[in-house]
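Each chain, written out:
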Protein chains: 2
Amino acid sequence: MSNFFLNDDSPVINLPDGKTRRKILAHNDNLMIVEVVFDKDGVGALHTHPHTQATYCLSGEFEFTVGGETKVIKPGDTLIMPSGIEHGCRVLTDGGKILDIFTPERKDFL
Amino acid sequence: MSNFFLNDDSPVINLPDGKTRRKILAHNDNLMIVEVVFDKDGVGALHTHPHTQATYCLSGEFEFTVGGETKVIKPGDTLIMPSGIEHGCRVLTDGGKILDIFTPERKDFL
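This text gives an overview of the structure that appears in the document. (Residues numbered from 1 in each chain as written. Chains lettered and ligands numbered in written order. Predicted model: local features only at pLDDT ≥ 70, side-chain atom pairs only at ≥ 80, totals over all residues. Heavy atoms only, no water.)

**A closer look at the nonpolar core**
The criterion, for reference: We define the nonpolar core as a collection of buried residues of types Ala, Val, Leu, Ile, Met, Phe, Trp, Tyr and Cys that are connected through side-chain atoms lying within 4.5 Å of one another. Type-normalised accessible area, obtained with a 1.4 Å probe on protein chains alone, sets the label of each residue: buried when under 20%, exposed when over 50%, and partly exposed for intermediate values. For the purposes of this entry, the term helix denotes a DSSP run of H or I that reaches at least four residues, the term strand denotes a run of E that reaches at least two, and both are numbered from the N terminus. Contacts: residue pairs with any heavy atoms within 4.5 Å of one another.
Ile33 and Tyr56 of chain A together with Ile33 and Tyr56 of chain B are the most contacted members of the largest nonpolar core, which totals 22 residues. Looking at this core, the elements that each hand over two or more residues are β3 (20–27), β6 (52–59) and β11 (95–103) of chain A together with β3 (20–28), β4 (31–39), β6 (52–59) and β11 (95–103) of chain B. Excluding residues within four positions of it along the chain, Tyr56 of chain B makes contact with Leu25, Ile33, Glu35, Leu58 and Leu99 of chain A together with Gly76, Asp77, Thr78, Ile98 and Leu99 of chain B.

In structure tokens:
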């Protein structure tokens, strides 16, 4: 199996809210990269999971809440979500894209 | 300590080759995100490390070699580097930027 995961080869997965969609990119048991696109008013509801997560803002601006701390992030900004910490976001611009990174991989996404 | 790592707050680290520089972004013991900027003709020499790595291309085009497989990646493309696998890259355009992601974190970068 190849170690390359090209963007054009990765199917778009539409999420049930109709305002967000994801692409699963490079992943193995230890690590997973996921692109998430938000339309205007898209939200990632507060939730927790045992995976450690980091997020990188690719475009647009987002308000993120992590463990009760809330900040606005813009392209190039990042945050870390330790295992089990409650986190969520909403897009502030007409749309936006983030990279969500998980260790270990989110087997529930596959 | 905050879970947010904003881009403007992260110092630029110039690497000894004079053609590449990095910014350490979100990280904890389990996970680390690093932005790496390459000037024209910048190279990441073949090397190995025990950390699992994934890379996301932010801008420019790069030729990557991983475990003997070589491919060109462009913005949005990704690859995974399992623990201990030999990998390296060179930028093909006048410059470029990638996101390198490690689990666990690269304590040698801190």
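So that's the structure; there's more coming.
**Structural notes on the interface of chain A and chain B**
Put simply, the rule reads: Values labelled buried area give the accessible surface lost by two parts on being combined, using a 1.4 Å probe and summing over both. Salt bridges are defined by distance alone: a side-chain nitrogen of Lys or Arg within 4 Å of a carboxyl oxygen of Asp or Glu. The term polar contact refers here to a pair of N or O atoms within 3.5 Å; inside protein, the definition further demands a hydrogen-donor-capable atom paired with an acceptor-capable atom, and it admits residues adjacent in sequence only when both atoms are side-chain atoms.
Counting residues at the interface gives 38 residues for chain A and 38 residues for chain B. If you sort the residues of chain A by the area they bury against chain B, Asn3, Phe4 and Ile80 of chain A come out on top, with a joint share of 23%. Our enumeration of links across chain A and chain B arrives at 2 salt bridges. Between Asp8 of chain B and Lys74 of chain A there is a salt bridge; the shortest N-O distance is 3.7 Å. There are 19 residue pairs in polar contact (both at pLDDT 80 or more) connecting chain A and chain B. Counting only elements with at least two residues in the side of chain A that touches chain B, the list comes to β1 (4–5), β3, β4 (32–39), β6, β7 (62–66), β8 (69–73), β9 (78–81) and β11 of chain A. Counting residues per element, the side of chain A that touches chain B draws most heavily on β6 of chain A, at 6 residues.

**Some points on the relation of the copies chain A and chain B**
Heads up, the rule is: Residues below a pLDDT of 70 in either copy are left out; the C-alpha atoms of the rest, at least 70 in both, set the least-squares superposition of the copies.
Of the two same-sequence chains, chain A is brought onto chain B (RMSD 0.0 Å, axial shift 0.0 Å) by a rotation of 180°. A rotation of that kind, with that shift, is consistent with a two-fold axis. Using C-alpha coordinates, one finds that chain A approaches the rotation axis most closely at Thr103 of chain A, a distance of 3.5 Å. Both copies share a contact surface, since 100% of the interface residues of chain A are interface residues in chain B too.

**Considerations on the side chain of Asn7 of chain B**
Inspection of the secondary structure assignment puts Asn7 of chain B in the loop between β1 (4–5) and β2 (13–14). Taking relative accessible area as the criterion, Asn7 of chain B reaches 10% and is therefore assigned buried. Among the polar contacts made by the side chain of Asn7 of chain B, one reaches the main-chain carbonyl oxygen of Gly76 of chain A at a distance of 2.8 Å. There is a polar contact of 2.7 Å between the side chain of Asn7 of chain B and the side chain of Lys23 of chain B.

**What to know about the state of the cysteines**
For the record, the criterion: Our working definition of a disulfide is a cysteine sulfur pair at a distance within 2.5 Å.
Within the structure shown, the criterion is met by 0 disulfides over all chains. Here Cys57 of chain A stays unpaired: no disulfide links it, and the sulfur of Cys89 of chain A, its closest cysteine neighbor, is 9.7 Å away.

**Some thoughts on the sheet that holds β1 of chain A**
Note the following rule: Strands are labelled as partners when DSSP assigns at least two bridges between them.
Across the sheet, which stays open at both edges, the 7 strands sit in the order β1(A)-β9(B)-β6(B)-β11(B)-β4(B)-β3(B)-β2(B) with antiparallel pairing between neighbours. Looking at the sheet topology across the chains shown, the edges are occupied by β1 of chain A together with β2 of chain B. In terms of strand pairing, β3 of chain B meets β4 of chain B through 7 bridges, oriented antiparallel. Bridge pairing in β4 of chain B places Lys23 of chain B opposite Glu35 of chain B.

**As for the pairing of β6 of chain B**
Residues and elements named next belong to chain B. Extensive coverage of β6 is indicated by the burial of 7 of its 8 residues. Pairing between β6 and β11: 7 bridges, direction antiparallel. Among the inter-strand pairings, Tyr56 is bridged to a residue of β11, identified as Leu99. In this sheet, strand β9 (residues 78–81) lies alongside β6 in antiparallel orientation, the contact comprising 4 bridges. Bridge assignment links Tyr56 to a residue of β9, and that residue is Thr78.

**Examining the sheet that holds strand β10 (residues 87–91) of chain B**
Residues and elements named next belong to chain B. To keep it simple, the criterion reads: Helix axes use the C-alpha atoms of the stretch in contact, all axes being lines fitted to C-alpha atoms, and the angles between their N-to-C directions lie in the range 0 to 180 degrees.
Read from one edge of the open sheet, 4 strands run β5-β10-β7-β8, paired in antiparallel fashion. Each edge of the open sheet carries a strand with a single partner, namely β5 (43–47) and β8 (69–73). Each strand of the sheet is rotated relative to its neighbour by a mean of 15°, with strand direction disregarded. Pairing of β5 with β10, which is carried by 3 bridges, proceeds in the antiparallel orientation. By the bridge assignment, Gly44 is partnered in β10 with Cys89.

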